Amino acid sequence: MYSGQDSEAVMELLRNRGLEASVDIGIVTGTGLANILKEIENALDVPYDDLPGFPHGFVSGHARRLVIGNIGRLRVALLQGRSHYYETGDPQAMRTPIEVLLRLGAHSVVLTSSVGSVKPAMRPGALAIVTDHINLSGVNPLHNEQGDARFVPMNDAYDATLRHRLKRAAASQGVALHDSVYMFMPGPSFETPAEIRVAGMLGADIVGMSVVPETVIARRYGLKVAAMCAVTNLGAGLEGMVPSHNETKRMGATVAISLRRIFDTFIRTLDEP
Ligand code: HPA
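What this report covers is the structure whose coordinates are included nearby.

Parameters and conventions
- Residues numbered from 1 in each chain as written.
- Predicted model: local features only at pLDDT ≥ 70, side-chain atom pairs only at ≥ 80, totals over all residues.
- Heavy atoms only, no water.
- Phe/Tyr/Trp six-rings, centres within 6.5 Å; stacked < 30°, edge-to-face > 60°.
- Buried < 20%, exposed > 50% of the residue type's maximum accessible area, 1.4 Å probe, protein only.
- Helix = DSSP H or I, 4+ residues; strand = E, 2+ residues; numbered from the N terminus.
- Polar contact = N/O pair within 3.5 Å; in protein donor to acceptor, adjacent residues only side chain to side chain.
- Contact = heavy atoms within 4.5 Å.
- Core = buried A, V, L, I, M, F, W, Y, C linked by side-chain atoms within 4.5 Å.
- Expected span 1.5 Å × (residues − 1).
- Near = heavy atom within 4 Å.
- Areas by Shrake-Rupley, 256 points an atom, 1.4 Å probe, with all protein chains shown as cover.
- Pairing = 2+ DSSP bridges.
- Salt bridge = Lys/Arg side-chain N within 4 Å of Asp/Glu carboxyl O.
- Patch = residues over 30% accessible without salt bridge, like charges linked within 9 Å, V, L, I, M, F, W, Y side chains within 5 Å.

Let's talk about the packing of aromatic side chains
Then, number 1: Tallied over the full model, the rule gives two aromatic pairs.
Then, number 2: Relative to Phe54, the ring of Tyr48 has its centre 5.1 Å away and its plane inclined at 70 degrees; by these criteria the two rings are edge-to-face.
Then, number 3: Looking at Phe54, the relative accessible area reads 5%, which means it is buried.
Then, number 4: Centre to centre, the rings of Phe263 and Phe266 are 6.1 Å apart; their planes meet at 80 degrees, and the pair counts as edge-to-face.

Below is the structure:
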């Protein structure tokens, strides 16, 4: 059973290193997307390796740092890099980082990730915003939790107001954001062409190996969630596609340029009605 001790220890370490104030929002960056925020001012910048319960392994394409500071009037905690279920076989791998966001005072978290597209019309380079997800993997981060809090409703898991604000920010930058249903794939092997066809039949628009366990944990704690996904490739077998991690990293970095423009506007307008 998860004790929360690691997140307490992380908070103490952050206070010892000069953490001054609470934060408004957390942002988790995925493969190739670490630099989607412009300069964070007065940053407290700590490598994950110093933080108990944070991901300590290495996946190429993932920076691993917690950066807390100001962007304009807003206090932001940027979690650069995540741990995936496929790295540990533990769907709770991101529980401590998300619990730390909660302890820091965040009310919302925006997850970013790379995904494959199940719909040929949504091409590599496109940006998707998650409206709902499908998780038929059998994996759930709340499996060994006791008590009634584990029965988390997942209606409206992705917050409509955050989504509206992100879409408004995207529109102001002339970037299209596609409403998408995200299907969780445990990885690390990519899907088979048959799995991609099934995903499409089941109503998925995109497939990915993160987002869902983090969303379940965040909803467990009552955090509002939004998820923005960079489409790095067509799903396996579509137009003969053979996905690769190199391509995911390369395309992720390209889409990050649009994401950065959206986040700049989103954050600058977050305290406006
Ligand atoms: N499948 C699963 N996860 C992914 C993909 C994919 O095709 N592309 C980027 N992340």
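Considerations on the side chain of Arg165
Then, number 1: Structurally, the position occupied by Arg165 is in helix α4 (residues 160-172).
Then, number 2: Reaching out from Arg165, the side chain makes a polar contact with the backbone oxygen of Leu270 at a distance of 3.4 Å.
Then, number 3: For Arg165, the residues in contact, after removing those within four places along its chain, are Phe266, Thr269, Leu270, Glu272 and Pro273.

Side note on helix α3 (residues 95-104)
Then, number 1: Of all 10 residues making up α3, eight are buried, and the element is well covered by its neighbours.
Then, number 2: Among all positions of α3, only Arg95, Thr96, Pro97, Ile98, Glu99, Val100, Leu101 and Leu104 are buried.
Then, number 3: Where α3 is buried, its residues contact α1 (5-16), β1 (25-29), β3 (65-71), β4 (74-80), β5 (108-117) and α6 (212-220).
Then, number 4: Taken from the residues just after α3, Gly105 is the one with a positive phi, measuring 100 degrees.

What about the nonpolar core?
Then, number 1: In terms of nonpolar packing, the biggest core is built from 48 residues, with Leu14, Leu51, Leu66, Ile68, Leu104, Tyr182 and Ile206 touching the most fellow members.
Then, number 2: Of all hydrophobic cores here, the second largest spans 32 residues; its members include Ile25, Ile36, Leu127 and Leu259.

Brief notes about helix α7 (residues 245-268)
Then, number 1: Here α7 spans 33 Å end to end across 24 residues, near enough to the 34 Å set by a 1.5 Å rise per residue.
Then, number 2: Buried within α7 are the following residues: Thr248, Met251, Gly252, Val255, Ala256, Leu259, Ile262, Phe263, Thr265, Phe266 and Ile267.

Side note on the environment of Met11
Then, number 1: Position of Met11 relative to the elements: it lies in helix α1.
Then, number 2: Distance from Met11 to Arg103, taken between C-alpha atoms, is 7.6 Å for residues 92 residues apart in sequence.
Then, number 3: Once residues within four sequence positions are removed from consideration, Met11 is found in contact with Leu19, Val100, Arg103 and Leu104.

So, the environment of Met228
Then, number 1: As for its position among the elements, Met228 is in strand β9 (residues 224-234).
Then, number 2: Taking relative accessible area as the criterion, Met228 reaches 0% and is therefore assigned buried.
Then, number 3: For Met228, the contacting residues outside a window of four places in its chain are Val110, Leu111, Thr112, Ser113, Ala128, Ile129, Leu166, Leu177, Leu259, Ile262 and Phe263.

Details of the side chain of Ser210
Then, number 1: Residue placement: Ser210 occurs in the loop between β8 (206-208) and α6.
Then, number 2: Apart from residues no more than four positions distant in its own chain, Ser210 is found in contact with Arg82, His84, Ser113, Tyr182 and Phe184.

Section: the site of the ligand
Then, number 1: Taken together, Ser114, Val115, Gly116, Phe190, Glu191, Val207, Gly208, Met209, Thr232, Asn233 and Thr248 make up the full set of residues near the ligand.
Then, number 2: At a separation of 3.4 Å, a nitrogen atom of the ligand approaches a polar backbone atom of Ser114.
Then, number 3: In this structure, Glu191 approaches the ligand through a side-chain N or O atom, which is 2.7 Å from a nitrogen atom.
Then, number 4: With the chains in place, 96% of the 260 Å² that the ligand exposes on its own is no longer accessible.
Then, number 5: The element contributing the most residues to the shell around the ligand is β5, with three residues.

So, the pairing of β3
Then, number 1: For β3, the buried fraction is high: six of the seven residues fall into the buried class.
Then, number 2: The sheet contact formed by strand β2 (residues 41-47) and β3 spans five bridges and is antiparallel. Bridge pairing in β3 places Glu41 opposite Asn70.
Then, number 3: Hairpin connection from β3 to β4: two residues lie between these consecutive antiparallel strands, with Gly72 at a positive phi of about 60 degrees.

Section: the pattern of salt bridges
Then, number 1: All chains considered together, the criterion is met by 12 salt bridges.
Then, number 2: Here Glu214 makes a salt bridge to Arg82, at a shortest N to O gap of 2.6 Å. Here the residue Glu214 occupies a position in helix α6, and Arg82 occupies one in the loop between β4 and α2 (85-88), the gap between them amounting to 132 residues. Judged on exposure class, the residue Glu214 and its partner Arg82 are both buried.
Then, number 3: Among the charged side chains, a salt-bridge network with shared partners connects Glu8, Glu99 and Arg103.

Some details on a nonpolar patch on the surface
Then, number 1: Taken together, the side chains of Leu136, Val198 and Leu202 define a hydrophobic patch exposed on the protein surface, amounting to about 290 Å² of accessible area.
Then, number 2: For Leu136, the position within the fold is in the loop between β6 (127-134) and α4.

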